[in-house]
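Each chain, written out:
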Amino acid sequence: MVLCGVVISIVPGLPVIALSPEIVFIIFLPPLLYHAAWHTSWSDFKQSIRPITFATVGLVFFTTGLVAVFAHWLIDDMSWPLAFLLGAIVSPPDAVSATAITKGLGLNPRLIAILEGESLVNDASGLVAYKYALTAITAGNFVLWQAGLNFVLMSALGIGIGLAVGFIMYYIHKRFVCDDIIEVTLTLLTPFASYLLAEHFEGSGVLAVVTTGLFWRQDQVRFFRMKVE
């Protein structure tokens, strides 16, 4: 994919396509995160919750700060807010990339669980850092304790909404849905519902989708066995 992108970029005469970030967040991000969470082992994720949390929060913010320092030092006229904005953009690795890269390498299962689990939820930290760096650029102010409190509230609200959506969809599938087409349609709509609800209430849409996916991952064996019976 990287090589194809390079080739396409050097072909002369191709039209310039501008893709809105909102389209990426709303259309592409929820199903990708949901798919990655669905294929993550819940038991391994739960056992590695401590290193995943440290990596999700500490590593993302450390990378943001380190990139900001070097960007401010190496790039002329790069202000500190703009440097931190750049650091927030590049700090969180992609969940799908982490899953694809570690596949087939024969790594320790615990290490794979930490890498995949961290890559699932680090976007929440990265988006908070991005939001406040952008606020510092546009409004010219930044309050650390407010950013920290907002991060905790966004995370808790996103997790709560993700669990609520997962439980509601599980109940609908269990009690009311008997048609395969409807089941597939609801499954496709679940990550979008989780993400949009969390974003509407100013929670973390990333954590909401991941929580819904992990909720279904935990109960999928029992659920599909029940549907077959």
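Here, the structure is the one placed above.
Residues numbered from 1 in each chain as written. Predicted model: local features only at pLDDT ≥ 70, side-chain atom pairs only at ≥ 80, totals over all residues. Heavy atoms only, no water.

For the protein, the count of helices and strands is ten helices and zero strands. Beginning at the N terminus, the succession of helices and strands in the protein can be written as α-α-α-α-α-α-α-α-α-α. For the protein, the residues scored as buried account for 37% of the 229 residues in total. Long-range pairs, those at least 24 residues apart, make up 75% of the contacts in the protein between residues at least 6 apart in sequence. Summing over all exposed atoms, the protein offers an accessible surface of approximately 14,100 Å²; the carbon and sulfur share of this is 72%. (Helix = DSSP H or I, 4+ residues; strand = E, 2+ residues; numbered from the N terminus. Buried < 20%, exposed > 50% of the residue type's maximum accessible area, 1.4 Å probe, protein only. Contact = heavy atoms within 4.5 Å. Areas by Shrake-Rupley, 256 points an atom, 1.4 Å probe, with all protein chains shown as cover.)

For the rest of this paragraph, the subject is the packing of helix H2 (residues 21–38) against helix H9 (residues 180–200). Relative placement of two packed helices is described by the angle separating their axes and the distance separating the axes. Viewed as axis vectors pointing N to C, H2 and H9 meet at an angle of 115°, and their least axial separation amounts to 9 Å. When the axis of H2 is compared with that of H9, the two are roughly perpendicular. Between H2 and H9 the crossing geometry is right-handed. Within the contact between the two elements, H2 uses Phe 25, Ile 26, Ile 27, Leu 29, Pro 30, Pro 31 and Tyr 34 and H9 uses Thr 187, Thr 190, Pro 191, Phe 192, Tyr 195 and Leu 196. For the contact of H2 with H9, the class distribution of residues is eleven nonpolar, two polar and no charged. (Axes fitted to C-alpha atoms, helices over the stretch in contact; angles between N-to-C directions. Parallel < 35°, antiparallel > 145°, perpendicular 65-115°, else oblique. Left-handed = near helix turned anticlockwise from the far one by under 90°. Nonpolar A, V, L, I, M, F, W, Y, C, P; charged D, E, K, R; others polar.)

Let us look at the packing of aromatic side chains. Describing an aromatic ring pair means giving the distance of the ring centres and the angle of the ring planes. Here the structure, examined in full by the defined rule, presents three aromatic pairs. When the centroid spacing of 6.4 Å and the interplanar angle of 85° are considered together, the rings of Tyr 170 and Phe 215 count as edge-to-face. In this pair, Tyr 170 is assigned in helix H8 (residues 144–175) and Phe 215 in helix H10 (residues 205–228), connecting sequence segments 45 residues apart. (Phe/Tyr/Trp six-rings, centres within 6.5 Å; stacked < 30°, edge-to-face > 60°.)

Turning our eyes to something else, we now look at the nonpolar core. Within the largest apolar cluster, 26 residues are counted, with the highest numbers of intra-cluster contacts made by Leu 33, Leu 120, Val 121, Val 210 and Trp 216. Every element with two or more residues in this core is listed here: H2, helix H7 (109–138), H8, H9 and H10. Broken down by element, this core gets its largest block of residues, eight residues, from H10. (Core = buried A, V, L, I, M, F, W, Y, C linked by side-chain atoms within 4.5 Å.)

On to the layout of surface pockets, then. If you add up the space inside the largest pocket, you get close to 1,000 Å³. Together, 36 residues line the largest pocket, and Phe 25, Asp 123, Leu 127, Tyr 130 and Tyr 195 are the ones closest to its centre. Those elements that place two or more of their residues in the lining of the largest pocket are H2, helix H5 (80–90), H7, H8, H9 and H10. Looking at the lining of the largest pocket residue by residue, the classes come out as 24 nonpolar, six polar and six charged. In this model, the second largest pocket occupies a volume close to 410 Å³. Lining the second largest pocket are 21 residues, and of these Phe 45, Ile 49, Val 121, Ile 159 and Leu 207 lie nearest its centre. The set of elements that each furnish at least two residues to the lining of the second largest pocket consists of helix H3 (42–47), helix H4 (49–74), H7, H8 and H10. A total of six residues in the lining of the second largest pocket trace back to one element, the largest contributor, which is H10. Residue composition of the lining of the second largest pocket, grouped by class: 14 nonpolar, six polar and one charged. (1 Å grid on protein atoms, 1.4 Å probe; cavity = no way out; pocket = protein on both sides within 12 Å on 5 of 7 lines; lining within 4 Å. Points joined across faces, edges and corners; volume = space filled by probe spheres on them.)

Attention shifts here to the packing of H4 against H5. Relative to each other, H4 and H5 sit at 135°, their axes nearing to 7 Å. In this view, H4 runs oblique relative to H5, as classed from their interaxial angle. In this structure, the crossing between H4 and H5 has a hand that is right-handed. Facing H4, whose interface residues are Thr 64, Gly 65, Val 67, Ala 68, Val 69, Ala 71 and His 72, H5 presents Trp 80, Ala 83, Phe 84, Leu 86, Gly 87, Ala 88 and Val 90.

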